[in-house]
Amino acid sequence: MRAKRWQRIALFLILLVLALIVALPLYWAVTIALRPGADMFTRNIAPSSLTFQNFYDLIFDRDWAGFQGVSFGVPLKNSLLVAVSATGFSIIVSTFAGYALAMFSFRGRELVSSYILLAYIFPPFIIVVSLFRFINLVGLKDSLLGVALLHLVIVVPYCSWMLRGYFLSIPKSLEESAMIDGCTRMGALLRVILPVSAPGVASAAIFSFTLSWQEMLFSLITLESHDKFTLPIALLAMVMGDLVQWGKLMAGALISIAPPAILYLALQRWIVGGLTAGSVKR
Amino acid sequence: MGVKRIIAAMLVLALVLVGAGPAMAAPHTLKVWIMTTFADAQNNWVRAKVEAWAQEASVTVDIAMLPRTAYGEKIFASIEARTPPDVVLMAEPGATLAAELGLTIPLDDVVEKIGRDDFYPRVLSAVAAPDAVTGAMRIWGIPMFFEIRPAEIRMDLLEKAGLTIPAKPDYEWLFKAARAMNDPPKVYGLGHVLGRSYDAHDNTMALIYSYGGGLIADRGPNGADIFNTEPTWRAFDDLKKLYKEGVIPPDAVAWGDYDNNLALMGGRVAITVNGLSIYYKMVKDKNPLAEAVKEVPLTGAWIDNAGGESNFVFKSTPVKEQLGKDLLAYLMMDKEDYRVGICENSQLYALPVFKSQAQVISQQWKDGKWPVYAIDPTQAIETAYNSWPTVYPLNEATSVVEKFMGAYMLPEMMTVLFTRETDSKKVAEDISKALNKLLVETYGK
Amino acid sequence: MKKQLAPFIWVAPVVLVISVFMLFPLFQALWDSVHGGASGGTKSYVGLDNFKELISSGVFLGAVGRTLIFTLTAVALKLLVGGGAALILNRAFWGRNVLRSWLFIPWTIPLFAGGILFLWLLRMNGGLNLMLEKLGVYPVFWLGPKFAMPSIIFLNVWKGFPFFMITILAGLQIIPASLYEAAQIDGASGVQQFRYVTLPGLRNVILIASLLSTVWTFAQFENIYVLTRGGPGKATETLSILIYKLAFGTFNLNMGSAAAVLALPLFLFFIFWLVKLVRKEAE
């Protein structure tokens, strides 16, 4: 019995060490971002005092990019715009596709499902060169619309696959009873099925949002000018400059971490269900 | 019912896809790229100038400010995809390649308009190349400024090591001083960048040139054999030794263009060789070490970017081409404004390409305005090597060195000297072979 | 007639998007890979020259090797750490929910931001070395030739283990308690219970999570690009980095496409395995 108790404490300690390792980079990011400028070249682990100057400079000084003009709010806004529009579009088309694949029986259903699954796990870097050509061809380089379109490559298959899984878990009888009541298929989906599957749709939307939010490769090949940058490219531009300002860089990183982290932690219960629904059935 | 809605939604998507592209590129908008330097004052000046010109000429301009290091990838990719901008300002690589491919227009008339006689001849020769069709020498870019690369030395540490700056400091002396000042891991003697960066290319080439070596001798298939000779081996061996002894910090193999700056500013290295960007930044940040740093030009190893930072115009429509030329002339017509905006604003990181303005700077130095310079900065203009796109001993601009440098081939290929202790001769041979391959690809057999 | 067409119209937008942005570019890549010429110049048909060069110069196989090392090590570690954390978290103890939420945080951090965080942490005079210095340890060159690969694996595991933790935790909760009771009645020890009840119950969860993670890790670009850009030298040049570098770093789109086409079979191998397993599990 006593050995069991020791065992338990040991296991708890292992978990605690893991928690500390998780904390390590975050500790540095927060303390560097809150450190006053003069403190940067001292080799202290703890800052001498705390200030929000870096955050303030990033937004109001407008020189993170090496010239006066673009506030860090601009990449933040751009990332939001891209993520929201890519997510909005893909949720709409994926709801229809996912529903059809889960509820209708038709020839080629399995084929389409596999096609979507293949697209879901396809690594974007294989086609990045061709997509660069494509975006140049249609004249959408250096535009947020271009980035949002490319993000569909990632987001649409993901949403469709996940929603298909979710709709599969809804009893078919629900749709049937709705249709007996005189609904069309579309009516059944909109009036009966969607309200019950709101959690599934919402978590698919949140995941799509974060997938688009953290995508870097496509932004890298599409965007050119500072006022079009999304967050990852804006941060990269701060690293690649001749001089890195760590305080502002960490402040920028924390700003880009916040939205998905808050979304996830606030809606954890849903998310965990969604996370497993995508990979594990139900 | 439902089906119709879906079809309508798809039609909208198709319309967006097809319609958005052409609609975005209005015919008379001039697409201007500005490569940002790290001196924000310079960037602000150039952009304000472009905006002022657009207003005066009532032209719509679409300005894109590109980060310094991403610029190389972007300009070459846009040339590959045939979607370049109309005008490029402050460009580093790309001008020569675009000219050799016949994608840009000659700018001789712009030079005349600004005043050919006032330009230093060497700055114009760095951007001159034969026309692909007629074979006549034409000018393909308007050089923006000279960038000089002296050694930044911590005078307090030098004094502590019991050394003074000799009349003609060269690399041999610099290495001796670096060893004397070396006190790792607190302070390393020499902050020589060895990672994927422009600095690693510039500083290593400067060292090789100062040992009497070369990069490309002619445009033939064996033009780069000169690189695989004794001066290169010696330079590689010296760097290898310094790295092994711990005079160059161990992480220098992973350094980028900013890391040596950060190291000097953080007091981690005693010496580095860089443009005056370091000093500019230290003054701006009120870094206490700024007072201890002196800019010391090395004999025989001065290097500058004549023709490196330059402005050029891509071929498009006659109207736009003319507008582009007007803009280029406008930028440099008011030479006083140019001197303040580009040179003085950057703490003389940039030196003027005009003789008249160099004289003003020279007088200012004599009056004690630029104490950080150990000697008159304008003297550098006469004694320096052009770093690129000019190569030695060929002494002409070539796109081969733009590709070589833009792809960071030298730093990438020489890393093995330090990480795997590969033989210097083997590395030099590999690099000269890669260069020869580029020569064949570009100019044929 | 209309009835048969209807389902296809419902799935058409998704199929269209995937085809336009994925299938079509694949064909474009194939076309690109057999054309070549000086960067920036006009391109002509070169047959298999691009592939030959990639193979004979050794850059491609080197990248494949590094990709495999990176992927397999990272996935194994993520499974180990995430699975271990899930097993511990599956017991009831004080502060369990807080700890679970805390350990989940790295998964919510965008890849590029994680890279930026580690860029500071692992620099020569960055966070980790500053801490080691206080302990009297000589600074370690984490992003150097020796440790660059372990460093990017560390970052990948740090960011990715919560995925395993959460899925395995969910899987553990599905295993019926009656199975454990039955095992206890049979006198099975804790280790035996784990071996004969827990592991078989988790089999599918682990398989699918590992395979998904393998594909994602294989496709990893952001972390490596931000942290090391494939360097120093080629120490962390994986396939994704190699393709990006060839296409946009050495200005040769055709060579980049050729490398992508060469990498395709390797990836398809993973995919078919995964698709097969997922479908088998669905039945």
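In this text, all values refer to a predicted model and were calculated from it rather than measured experimentally.

A. Geometry of the overall build of chain A. When its secondary structure is counted, chain A shows 13 helices and 0 strands. Mapped from its N terminus to its C terminus, chain A presents α and β elements in the order α-α-α-α-α-α-α-α-α-α-α-α-α. Here the C-alpha coordinates of chain A stretch approximately 75 × 70 × 35 Å along the principal axes. The buried share of chain A, taken over its 282 residues, is 55%. The contacts in chain A between residues at least 6 apart in sequence include a share of 74% that link residues at least 24 apart.

B. Representation of the overall build of chain C. Looking only at helices and strands, one finds 12 helices and 2 strands in chain C. Mapped in sequence order, the helices and strands of chain C form the string α-β-β-α-α-α-α-α-α-α-α-α-α-α. Judged by the C-alpha coordinates and their principal axes, chain C covers about 75 × 75 × 30 Å. Contacts in chain C between residues far apart in sequence, at least 24 positions, make up 70% of those at least 6 positions apart.

C. Molecular detail of the packing of helix 10 (residues 230–245) of chain B against helix 19 (residues 424–443) of chain B. Residue and element names in this part refer to chain B. Two numbers describe how helix 10 lies on helix 19: the axes approach to 9 Å, and their chain directions differ by 125°. One finds that helix 10 runs oblique with respect to helix 19. Handedness of the helix 10/helix 19 crossing: right-handed. Contact residues: Thr232, Trp233, Phe236, Asp237 and Lys240 in helix 10; Ser424, Lys425, Val427 and Ala428 in helix 19. Within the contact of helix 10 with helix 19, the residues separate by chemical class into 4 nonpolar, 2 polar and 3 charged.

D. Summary view of the confidence of the model for chain A. Residue and element names in this part refer to chain A. Overall, the prediction assigns chain A a mean pLDDT of 83, with 90% of residues at 70 or greater. Mean pLDDT in chain A bottoms out at helix 13 (residues 268–279), which sits at 58, and peaks at helix 10 (residues 217–222), which reaches 92. A low-confidence stretch, residues 278–282 (pLDDT under 50), is modelled with 17 contacts involving residues beyond four sequence positions or located in other chains.

E. Just the confidence of the model for chain C, in detail. Residues and elements named next belong to chain C. Taken as a whole, chain C shows an average pLDDT of 86; of its residues, 95% reach a score of 70 or greater. No element of chain C has a lower mean pLDDT than helix 12 (residues 253–282), at 81, and none a higher one than helix 3 (residues 59–89), at 93. Quick note on the complex model: pTM equals 0.84, ipTM equals 0.87.

F. Representation of the sheet that holds strand 8 (residues 151–154) of chain B. Residue and element names in this part refer to chain B. The strand order across the open sheet built from 4 strands is 9-10-8-11, with neighbouring strands paired in mixed fashion. Each edge of the open sheet carries a strand with a single partner, namely strand 9 (188–190) and strand 11 (293–296). Here the average twist between neighbouring strands, direction ignored, is 20°. Of the strand pairs in this sheet, strand 8 and strand 11 are connected by 4 bridges, and their pairing is antiparallel. When the sheet's bridge partners are listed, Ile153 is paired in strand 11 with Lys294. This element, helix 8 (residues 171–181), spans strand 8, strand 9 and strand 10 (269–273) of the sheet and lies at about 160° to strand 10.

G. Quick peek at the interface of chain A and chain C. Taken together, the contacts link 74 residues of chain A with 73 residues of chain C. The element best represented in the side of chain A that touches chain C is helix 1 (residues 2–33) of chain A, accounting for 12 residues. Here the side of chain A that touches chain C is composed, by residue class, of 62 nonpolar, 9 polar and 3 charged.

H. Region of interest: the interface of chain C and chain B. Contacts between the two partners involve 26 residues from chain C, matched on the other side by 26 residues from chain B. At 5 residues, helix 1 (residues 2–33) of chain C tops the list of elements feeding residues into the side of chain C that touches chain B. Residue classes in the side of chain C that touches chain B are distributed as 16 nonpolar, 9 polar and 1 charged.

I. Molecular detail of helix 15 (residues 355–366) of chain B. All names here are of chain B. End to end, helix 15 covers 16 Å across 12 residues, agreeing with the expected 16 Å (1.5 Å per residue, within 8%). For helix 15, the set of buried residues is Gln357, Ala358 and Ile361. Buried residues of helix 15 fall within an arc of 105° about the axis and therefore sit on the same side. Opposite its buried face, helix 15 presents the exposed residues Gln359, Gln363 and Lys366, each directed more than 90 degrees away. After helix 15 finishes, the residue Gly368 shows a positive phi value of roughly 85°.

J. A look at helix 8 of chain B. Residues and elements named next belong to chain B. The set of residues buried in helix 8 consists of Tyr171, Leu174, Phe175, Ala177, Ala178 and Met181. Within helix 8, the buried residues cover an arc of 160° as seen down the axis, which keeps them to one side. Buried positions along helix 8 lie against strand 8, helix 7 (155–160), strand 9, helix 9 (198–210), helix 10 and strand 10.

K. Here's a closer look at the environment of B:Val313. All names here are of chain B. The residue Val313 is located in strand 13 (residues 310–313) in this model. Judged by the 28 C-beta atoms lying within 10 Å of it, Val313 falls in the buried class. Between the C-alpha atoms of Val313 and Asp40, which are 273 residues apart in sequence, the distance is 24 Å. In this structure, Val313 is in contact with Asp86, Val87, Thr104, Ile105, Leu107, Glu321, Gly324, Lys325 and Leu328, ignoring residues within four places of it in sequence.

L. Examining unusual backbone geometry more closely. Residues and elements named next belong to chain B. Here Pro184 and Pro185 are connected by a cis peptide whose omega angle stands at 0°. Structurally, the position occupied by Pro185 is in the loop between helix 8 and strand 9. Residue Pro393 is bonded to the preceding Tyr392 through a cis peptide linkage, with omega at 0°. Position of Pro393 among the secondary structure elements: in the loop between strand 16 (390–391) and strand 17 (396–397). For Gln347, which is not a glycine, the phi torsion comes out positive at approximately 55°. We note that Tyr408 has phi near 55°; this positive angle belongs to a residue other than glycine. For Tyr408, a count of 23 C-beta atoms within 10 Å corresponds to the buried category.

M. The arrangement of the pairing of strand 3 (residues 87–91) of chain B in detail. Residue and element names in this part refer to chain B. The buried fraction of strand 3 amounts to 5 of the 5 residues, a majority that puts the element mostly inside the structure. Of the strand pairs in this sheet, strand 3 and strand 13 are connected by 3 bridges, and their pairing is antiparallel. Each bridged residue has a counterpart across the sheet, and for Val87 the counterpart in strand 13 is Val313.

N. Highlighting the nonpolar core. Ranked by size, the top nonpolar core spans 326 residues in total, and within it B:Leu351 and C:Ala259 carry the most contacts. Looking at which element gives the most residues to this core, the answer is helix 6 (residues 144–168) of chain A, with 17 residues. Those residues in contact with B:Leu351, other than ones at most four positions away along the chain, are B:Phe145, B:Phe146, B:Ile148, B:Cys343, B:Ala358, B:Ile361, B:Pro377, B:Thr378, B:Ala380 and B:Ile381.

O. Spotlight on the packing of helix 12 (residues 246–266) of chain A against helix 5 (residues 111–122) of chain C. The interhelical angle for the contact between helix 12 of chain A and helix 5 of chain C, taken along N-to-C directions, is 150°, at an axis separation of 9 Å. In terms of their interaxial angle, helix 12 of chain A and helix 5 of chain C are classed as roughly antiparallel. Helix 12 of chain A and helix 5 of chain C meet at a crossing whose hand is left-handed. For the pair formed by helix 12 of chain A and helix 5 of chain C, the contact residues are A:Trp246, A:Leu249, A:Met250, A:Ala253, A:Ser256 and A:Ile257 on the first element and C:Ala113, C:Ile116, C:Leu117 and C:Trp120 on the second. Taken together, the residues of the contact of helix 12 of chain A with helix 5 of chain C sort by class into 9 nonpolar, 1 polar and no charged.

P. Inspection of the domain arrangement of chain A at higher detail. Along its sequence, chain A is organised into domain 1 (2–51) and domain 2 (73–171 + 202–279). In this complex, domain 1 of chain A contributes 7 residues to the contact, which on the side of domain 2 of chain A involves 6 residues.

Q. Examining the sheet that holds strand 6 (residues 142–143) of chain B more closely. Residue and element names in this part refer to chain B. Judged by pairing direction, the sheet is mixed, and its 5 strands sit side by side in the order 2-1-3-13-6 without closing on themselves. Strands with a single pairing partner mark the edges of an open sheet, and in this sheet they are strand 2 (60–66) and strand 6. The pairing of strand 1 (residues 29–35) with strand 3 spans 3 bridges and is parallel. By the bridge assignment, Ile34 is partnered in strand 3 with Leu89. Across the sheet, helix 13 (residues 318–333) lies against strand 1, strand 3, strand 6 and strand 13, angled at about 160° from strand 13, the strand it touches most.

R. Broad picture of the pairing of strand 2 of chain B. Residues and elements named next belong to chain B. Bridge count for strand 1 against strand 2 is 7 bridges, and the pairing is parallel. Bridge assignment links Leu30 to a residue of strand 2, and that residue is Val61. Between the parallel elements strand 1 and strand 2, the chain passes through helix 2 (residues 40–56) in a crossover that is right-handed.

Calculation criteria
Residues numbered from 1 in each chain as written. Chains lettered and ligands numbered in written order. Predicted model: local features only at pLDDT ≥ 70, side-chain atom pairs only at ≥ 80, totals over all residues. Helix = DSSP H or I, 4+ residues; strand = E, 2+ residues; numbered from the N terminus. Buried ≥ 20, exposed ≤ 12 C-beta atoms within 10 Å, placed from the backbone. Contact = placed C-beta atoms within 7 Å. Axes fitted to C-alpha atoms, helices over the stretch in contact; angles between N-to-C directions. Parallel < 35°, antiparallel > 145°, perpendicular 65-115°, else oblique. Left-handed = near helix turned anticlockwise from the far one by under 90°. Nonpolar A, V, L, I, M, F, W, Y, C, P; charged D, E, K, R; others polar. pLDDT = per-residue confidence, 0-100. Pairing = 2+ DSSP bridges. Expected span 1.5 Å × (residues − 1). Arc of directions from axis to C-beta. Core = buried A, V, L, I, M, F, W, Y, C linked by C-beta atoms within 7 Å. Domains from an automatic or database assignment. Right-handed = clockwise from strand over helix to strand, strands pointing away.

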